[in-house]
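This is what each chain is made of:
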Protein chains: 2
Amino acid sequence: MPRQVSAFSNSTVKRLRSLRDKKHRRSEGLFLAEGLRIITEARDSGRLPEIIAFSSEGAKHPLAADIIAATEAAGGEAIETTADILSKMSGKDNPQMLLAAYRQPETALERIDRSSAPIWIAAQALRDPGNIGTILRTGDAVGAGGLILIDDCADPFSVESVRASMGALFTQQVASARWPEFVTWLRSGSGQLVGTSLKATSDYLDARYEQPCFLLIGNEQQGLPQSYEAECDLLVKIPMAGRADSLNAAVAAAVMAFCVKASWRN
Amino acid sequence: MPRQVSAFSNSTVKRLRSLRDKKHRRSEGLFLAEGLRIITEARDSGRLPEIIAFSSEGAKHPLAADIIAATEAAGGEAIETTADILSKMSGKDNPQMLLAAYRQPETALERIDRSSAPIWIAAQALRDPGNIGTILRTGDAVGAGGLILIDDCADPFSVESVRASMGALFTQQVASARWPEFVTWLRSGSGQLVGTSLKATSDYLDARYEQPCFLLIGNEQQGLPQSYEAECDLLVKIPMAGRADSLNAAVAAAVMAFCVKASWRN
């Protein structure tokens, strides 16, 4: 049976709350997800939380009740608490009625089976966790295998990234690597590395994309370093009609990923 | 000559700072933009700020010096201040060295010349100012004429939206309208209203798009109301390969806008 917790000083409450900080996420190996929708996505992807907190209202939904029971049956912890405490834990004024902590999956680059999906997204030095979550969501939508975070990126397990991913964090593989390590792994098998560049001469709509296709997305401010562009098997440009010379990183990833997928239709 | 301001209590400092709030943006008719890049974009689009604040470091850049001089020559106000005060005004720990307040353009729906661009984006009840700014940036990139905000949307002149727009707020027209008003205006001339829907049977890649094309993007959580979908001349679906049933709103707008543009290439 779930415990009733009404004190901010409760150790589980403090532990969940601490997961808003990267340092604690890393030391605990856990991350937070909020709301019935994403928690149901996780369960449908075969993932149960290690800890789940909910309001009495939240537990009324049959899907929520199922997941709470399954969490406890699997040895996890379930606490019923107040809206106030949920709000404190999630940092939101209008918290969801469910909050759960999941084990961070660890995907080493070497364990990725590149032939399991036609598209993979690789993002270099992305700073905005919202962009990372949005790219994961897009990856799920185009049937990508996962996201490879290159160099120093924002934390994919941050609350902002998890929110933006809308559950895709549970379906997409996420690996991290420094650039040399990524290149070594990439070149140990098949795969076309595709970058977007203002200097490219091929229009992105005319290029020939091969499977598995690794889409390389650069940092929000600087784009890709020149030496990284030089490593690409294919550089394409997305024509810009207006004054701006670039797209939002998550938008560029989506436009490329949907274009690549469309190019394989016939 | 720019005044030197070193007091937080200075009336111009307080006025600029107040523009982080929607209420003050509305009553003053002004909005904030930060950084040399966006302020230069604005100047290149023929727009000068009414007020510009900068650090001594910020004024050293020749482009910045030009814009500061042009602002004063046009009767605007220029103040040189400290990094501390710039930080307080922008709400950022690492503020840009330039901060400027611009007059909000007022575009009434009736003043939009729909034939001036092949694509227009219409967004309904968008709640996330970052999405609005990102859609403006995408609109600039695809050569859209502007963004029509339908029903209650987040403020396109908020700091988050301006940042995400990367200057596109100065090149894209922005109008607001309730749905009935928008439909009346739309039907008073030519234009194809295109919505995306899970219920649609046409794949977005196979549809025939006509100019001017009005892309209708729905609310982040609910998508488009059914009656709004019913008003569309064309409903298309973007196939979802994974578990998720929708894309981020700004991503959906971009995927559609680039697809529509690509369909007109031949």
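How each quantity is defined
- Residues numbered from 1 in each chain as written.
- Chains lettered and ligands numbered in written order.
- Predicted model: local features only at pLDDT ≥ 70, side-chain atom pairs only at ≥ 80, totals over all residues.
- Heavy atoms only, no water.
- Helix = DSSP H or I, 4+ residues; strand = E, 2+ residues; numbered from the N terminus.
- Rg over C-alpha atoms; globule rule 2.2 N^0.38 Å.
- Buried < 20%, exposed > 50% of the residue type's maximum accessible area, 1.4 Å probe, protein only.
- Contact = heavy atoms within 4.5 Å.
- Areas by Shrake-Rupley, 256 points an atom, 1.4 Å probe, with all protein chains shown as cover.
- Pairing = 2+ DSSP bridges.
- Axes fitted to C-alpha atoms, helices over the stretch in contact; angles between N-to-C directions.
- UniProt positions renumbered as here; feature names shortened; annotations may be inferred.
- Parallel < 35°, antiparallel > 145°, perpendicular 65-115°, else oblique.
- Left-handed = near helix turned anticlockwise from the far one by under 90°.
- Nonpolar A, V, L, I, M, F, W, Y, C, P; charged D, E, K, R; others polar.
- Expected span 1.5 Å × (residues − 1).
- Arc of directions from axis to C-beta.
- Disulfide = S-S within 2.5 Å.
- Core = buried A, V, L, I, M, F, W, Y, C linked by side-chain atoms within 4.5 Å.
- Least-squares fit on C-alpha atoms with pLDDT ≥ 70 in both.

1. Description of the overall build of chain A
In terms of helices and strands, chain A carries ten helices and twelve strands. For 266 residues, the compact-globule formula gives about 18 Å, and the C-alpha radius of gyration of chain A, at 20 Å, lands near that figure. Taken along its principal axes, the extent of the C-alpha atoms in chain A is 65 × 35 × 35 Å. Relative to its full complement of 266 residues, chain A shows a buried share of 55%. Put simply, 80% of the contacts in chain A that link residues at least 6 apart link residues at least 24 apart. Counting every atom, chain A has about 11400 Å² of accessible surface; 47% of that belongs to carbon and sulfur.

2. A few points about the environment of Ala74 of chain B
Here Ala74 of chain B lies in the loop between α4 (62–73) and β4 (77–80). Separated by 137 residues in sequence, Ala74 of chain B and Gln211 of chain B have C-alpha atoms that sit 39 Å apart.

3. With respect to the sheet that holds strand β4 (residues 77–80) of chain A
All names here are of chain A. Read across the open sheet, the five strands follow the order β1-β4-β3-β5-β2; overall the sheet is mixed. Taken across any chain shown, the strands that pair with only one partner, and hence form the sheet edges, are β1 (3–4) and β2 (30–34). Where strand β3 (residues 51–54) meets β4, four bridges bridge the pair, whose relative direction is parallel. Bridge assignment links Ile51 to a residue of β4, and that residue is Glu77. On the sheet, helix α1 (residues 11–18) packs against β1, β2, β3, β4 and β5 (98–103) and is oriented at approximately 105° with respect to β3. Along the sheet face, helix α3 (residues 36–44) touches β2, β3 and β5 and points at about 35° away from the line of β5.

4. Notes on the sheet that holds strand β6 (residues 119–124) of chain A
Residues and elements named next belong to chain A. If you trace the seven strands from one edge of the open sheet to the other, you get β8-β7-β6-β11-β9-β12-β10, paired in parallel fashion. Looking along the sheet, the strands with just one partner apiece sit at the ends: β8 (173–177) and β10 (202–203). Against the sheet, helix α6 (residues 129–142) engages β6, β7 (146–150) and β8, with an angle of about 145° to β7.

5. Describing the UniProt feature "domain: RNA 2-O ribose methyltransferase substrate binding" (unreviewed entry) in chain A
UniProt marks residues 32–108 of chain A with the feature "domain: RNA 2-O ribose methyltransferase substrate binding" (unreviewed entry), using the numbering shown here. In residues 32–108 of chain A, the share of helix is 38% and the share of strand is 22%. The end C-alpha atoms are 21 Å apart.

6. Here we look at the packing of helix α10 (residues 249–263) of chain A against helix α10 (residues 249–263) of chain B
The relative placement of two packed helices comes down to the angle between their axes together with the axis-to-axis distance. Where α10 of chain A meets α10 of chain B, the axes come as close as 9 Å, and the angle between the chain directions of the two elements is 45°. The orientation of α10 of chain A relative to α10 of chain B falls into the category oblique. The handedness of the crossing between α10 of chain A and α10 of chain B is right-handed. Counted together, Ala250, Val251, Ala254, Val255 and Phe258 of chain A of α10 of chain A and Ala250, Val251, Ala254, Val255 and Phe258 of chain B of α10 of chain B form the full contact between these two elements. Taken together, the residues of the contact of α10 of chain A with α10 of chain B break down into ten nonpolar, no polar and no charged.

7. Section: unusual backbone geometry
Excluding glycine, residues mostly carry a negative phi; peptide bonds, for their part, are mostly trans. Residues and elements named next belong to chain A. Cis geometry marks the peptide bond from Gln211 to Pro212; its omega dihedral reads -10°. Along the chain, Pro212 turns up in the loop between β10 and β11 (213–217). For Ala125, which is not glycine, the phi torsion reads 55° and is therefore positive. The exposure class of Ala125 is buried, given its relative accessible area of 8%. At Met166, a position not held by glycine, the phi torsion is positive, near 50°. Its location among the elements puts Met166 in the loop between α7 (159–165) and β8.

8. Topic: α4 of chain B
Residue and element names in this part refer to chain B. Helix length check: α4 (twelve residues) gives 16 Å between terminal C-alpha atoms against 16 Å at 1.5 Å per residue, within 8%. Listed in full, the buried residues belonging to α4 are Ala64, Ile67, Ile68 and Thr71. Projection of α4 onto a plane perpendicular to its axis shows the buried side chains occupying an angular sector of 100°, all on one side. Away from the buried face of α4 by more than 90 degrees, exposed residues Pro62 and Ala73 are located. Where the residues of α4 are buried, they touch α3 (36–44), β3 (51–54), β4 and β5 (98–103). Positive phi shows up at Gly75, right after α4, with a value of about 90°.

9. A word on the pairing of strand β12 (residues 234–237) of chain A
On a regular strand, one side chain projects to one face of the sheet and the next to the other, so that they alternate. All names here are of chain A. Of the two faces of β12, only the one carrying Leu234 and Val236 is buried; Leu235 and Lys237 on the other face are not. Bridge count between strand β9 (residues 192–196) and β12: three bridges; the pairing is parallel. Counted as the bridge partner of Val194 is Leu234 from β12. Note that β10 and β12 share two bridges and pair parallel. Directly across from Ser202, in β12, lies its bridge partner Val236.

10. Regarding the state of the cysteines
In the structure shown here, the tally under the stated rule is zero disulfides over all chains. Here Cys213 of chain A is not disulfide-linked; the sulfur of Cys259 of chain A is the nearest cysteine sulfur, at 9.4 Å.

11. Here's the deal with the nonpolar core
Ranked by size, the top nonpolar core spans 46 residues in total, and within it Tyr204, Tyr209 and Met256 of chain A together with Tyr204, Tyr209 and Met256 of chain B carry the most contacts. At the level of secondary structure, the elements contributing two or more residues to this core comprise α6, β11, β12 and α10 of chain A together with α6 (129–142), β11 (213–217), β12 (234–237) and α10 of chain B. Apart from the residues within four sequence positions on either side, Met256 of chain B is in contact with Val194, Thr196, Tyr204, Tyr209, Leu215, Val236 and Ile238 of chain B.

12. Examining the relation of the copies chain B and chain A
If you rotate chain B by 180° and push it 0.0 Å along the axis, it lands on chain A with an RMSD of 0.0 Å. Expressed as an axis order, the relation between the two copies is that of a two-fold axis. A share of 100% of the interface residues of chain B reappears at the interface of chain A, consistent with the copies meeting face to face through the same patch.

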